[in-house]
Amino acid sequence: MPTVRPYRHRSARRTLLCSAAALTLPLLLTGCGDDAGATSGEDGTARAYGSEDVVSSVSEVPSIAALVPAKIRDGGTLRVGSGIGVPPVAFSPEGGGPPRGVDIDVSEAAARVLGLEVDRKHVSGASLITGLEAGRYDVGTANLSVTEERKQVLDFVLYVTDGAGFAVREDDPLKKVGDLSQLCGKKVGTGVGSTFETDLRAAADECAAAGKKPLTVLTYPDAAGHFLALRQKHVDVLMTTSSVLRYAAEEQPGLRYVNELDRKNVGLALKKGSGLAEPLAQAVNHLIDDGTYARILKKWNLEAAAVPVSAVNPPATP
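Residues numbered from 1 in each chain as written. Predicted model: local features only at pLDDT ≥ 70, side-chain atom pairs only at ≥ 80, totals over all residues. Heavy atoms only, no water.

### A look at the pairing of strand β3 (residues 139-145)
Turning to step 1, where the next piece is worked out: Burial analysis of β3 places seven of its seven residues in the buried class, the great majority of the element.
Turning to step 2, where the next piece is worked out: Relative to β3, strand β1 (residues 77-82) is paired through three bridges, and the arrangement is parallel. The partner of Ser 82 across the bridge, within β3, is Thr 141.
Turning to step 3, where the next piece is worked out: The pairing of β3 with strand β8 (residues 255-271) spans three bridges and is classified as antiparallel. Within β8, the position partnered with Gly 140 by the bridge is Ala 269. (Buried < 20%, exposed > 50% of the residue type's maximum accessible area, 1.4 Å probe, protein only. Helix = DSSP H or I, 4+ residues; strand = E, 2+ residues; numbered from the N terminus. Pairing = 2+ DSSP bridges.)

### Brief notes about the nonpolar core
Turning to step 1, where the next piece is worked out: Membership of the largest hydrophobic core comes to 43 residues, with the highest contact counts inside it found for Leu 114, Val 139, Val 157, Leu 276, Leu 280 and Ile 296.
Turning to step 2, where the next piece is worked out: Listing elements by their share of this core, those giving two or more residues are β1, α5 (102-113), β4 (154-169), β8, α10 (277-290) and α11 (292-299).
Turning to step 3, where the next piece is worked out: Sorting elements by how many residues they give to this core places α10 first, with seven residues.
Turning to step 4, where the next piece is worked out: Not counting residues within four places of it along the chain, the set of residues in contact with Leu 280 comprises Ala 110, Leu 114, Val 139, Val 157, Leu 268 and Leu 270.
Turning to step 5, where the next piece is worked out: Of all hydrophobic cores here, the second largest spans 20 residues; its members include Ala 164, Val 188, Cys 207 and Met 239. (Core = buried A, V, L, I, M, F, W, Y, C linked by side-chain atoms within 4.5 Å. Contact = heavy atoms within 4.5 Å.)

### Re the sheet that holds strand β6 (residues 216-220)
Remark on secondary structure: sheet strands pair via backbone hydrogen bonds, oriented parallel or antiparallel.
Turning to step 1, where the next piece is worked out: Read across the open sheet, the eight strands follow the order β2-β1-β3-β8-β4-β7-β5-β6; overall the sheet is mixed. Edge positions in the sheet fall to β2 (117-122) and β6, since each of these pairs with one other strand and no more. Averaged over all pairs of adjacent strands, the angle between their axes in this sheet comes to 25°, without regard to strand direction.
Turning to step 2, where the next piece is worked out: Across two bridges, the pairing between strand β5 (residues 187-191) and strand β7 (residues 237-241) is parallel. When the sheet's bridge partners are listed, Val 188 is paired in β7 with Val 237. (Axes fitted to C-alpha atoms, helices over the stretch in contact; angles between N-to-C directions.)

Purely geometric stuff here, so don't read any function into it on its own.
Structure below.
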């Protein structure tokens, strides 16, 4: 992905990240460290980050809106459960206000195409899945990777791709992770319950079977603990969503992004068989066709995450 970003004052950048420090999903993370003296708003950029409106001009497309299940269409509301973590996926802006991020913009724009108003609730990972299954939410946004296991219980509408990223302390000699077996002998931190934890534990078993030094997997339920563990040398490497980790490494001193592995399809999640997946996919494709989708990804510097076409229940990898 592109890495060039406009300059922002360091203290403002740090506070922006800290304002989003509550980790709501194991796929999202950030860290505040001990910089208690950081303040924001000195140049206004922390408050303004992601405030550009690229969605309000989107209007209903009647032919697509007509495909929405009658119960939802008649109610006029799309109930969205969203995991709120850090930029650029979904975060609470400095100074308060509605959440921002690529997940927020895409779901809002798609709802407008469907002729619906968004009723968004902030939910954790476990609550999101159970809430979708129980029908409390129509759509879930949480940068969820599409997996065959998840497709057994949920439907997915493809909207971006993302990869597994790695980060280390600035002085670490590690330059690139070409394969998880390269992490044998290291302590690796990741989000509890994430697909990354699953992959790392499988790699740890392979390290042991090959007689190599052990790969120790340490998991963290919140972002501050995750990054503090790296800073205090409790772990050697962090592994999590590439787009989020790349952003964090660009914004935080002492943290270096290494590289990305295994880019995966990411989807908006829905209750299995809800009838909403196909109209939602058509709504995303309309946004792709009319240029709104490209404007959203450009806003969040995620052009490399773009998909050429949305689909229902795509394969796990592009």
